[in-house]
Amino acid sequence: NDLLLYVTVEDFVKTVGKFTDLTFVFTGTLNSLTRDEAKYIVEKNGGKVLSTVTKKLNYLVIGENPGSKATLAKEYGIEILTERQFLDLEKNLSKN
């Protein structure tokens, strides 16, 4: 019972949404969003924001001057989205 003094049910609830089980990396300069705003959009929809490109990544979102992460994502066959495409995905993706 002492554990309940430190932990709430919310700590264990998984957010389920449009991006559930999807991973994103943001690179380059975003024009209409801050990184924190982009991360919030992903997380509120059940997704996860990573800092590095791996073969398990679902989407790389690129802004201006994306650098080496874009090159690596292309090598791995990761889907690359512009900032606008990311916002459209968030708006239009329907939950399965």
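Okay, so let's go over this structure. (Residues numbered from 1 in each chain as written. Predicted model: local features only at pLDDT ≥ 70, side-chain atom pairs only at ≥ 80, totals over all residues. Heavy atoms only, no water.)

As a further point, take the packing of aromatic side chains. With the rule as written, the count across this model stands at 5 aromatic pairs. With centroids separated by 5.2 Å and ring planes inclined at 90°, the aromatic side chains of Phe-26 and Phe-86 adopt a geometry described as edge-to-face. Of the two residues, Phe-26 is situated in strand 1 (residues 23–27) and Phe-86 in helix 3 (residues 83–92); the sequence distance between them amounts to 60 residues. For the pair Phe-26 and Phe-86, a shared accessibility class is recorded, and that class is buried. (Phe/Tyr/Trp six-rings, centres within 6.5 Å; stacked < 30°, edge-to-face > 60°. Helix = DSSP H or I, 4+ residues; strand = E, 2+ residues; numbered from the N terminus. Buried < 20%, exposed > 50% of the residue type's maximum accessible area, 1.4 Å probe, protein only.)

On to the pattern of salt bridges. A side chain with one charge can pair with a side chain of the opposite charge if their charged atoms come near. Applying the stated criterion to the full structure yields 3 salt bridges. Residue Lys-39 pairs with Glu-43 through a salt bridge whose shortest N-O separation is 4.0 Å. Of the two residues, Lys-39 and Glu-43 both sit in helix 1 (residues 35–44), 4 residues apart, roughly one turn of that helix. With a relative accessible area of 37%, Glu-43 lands in the partly exposed category. We note a salt bridge from Arg-84 to Asp-88, for which the minimum N-O separation is 3.6 Å. In this pair, Arg-84 and Asp-88 both sit in helix 3, 4 residues apart, roughly one turn of the helix. (Salt bridge = Lys/Arg side-chain N within 4 Å of Asp/Glu carboxyl O.)

A word on the side chain of Thr-23. With respect to the helices and strands, Thr-23 occurs in strand 1. Among all residues touching Thr-23, those that are not within four sequence positions of it are Lys-48, Leu-50, Lys-56, Leu-57, Asn-58 and Tyr-59. (Contact = heavy atoms within 4.5 Å.)

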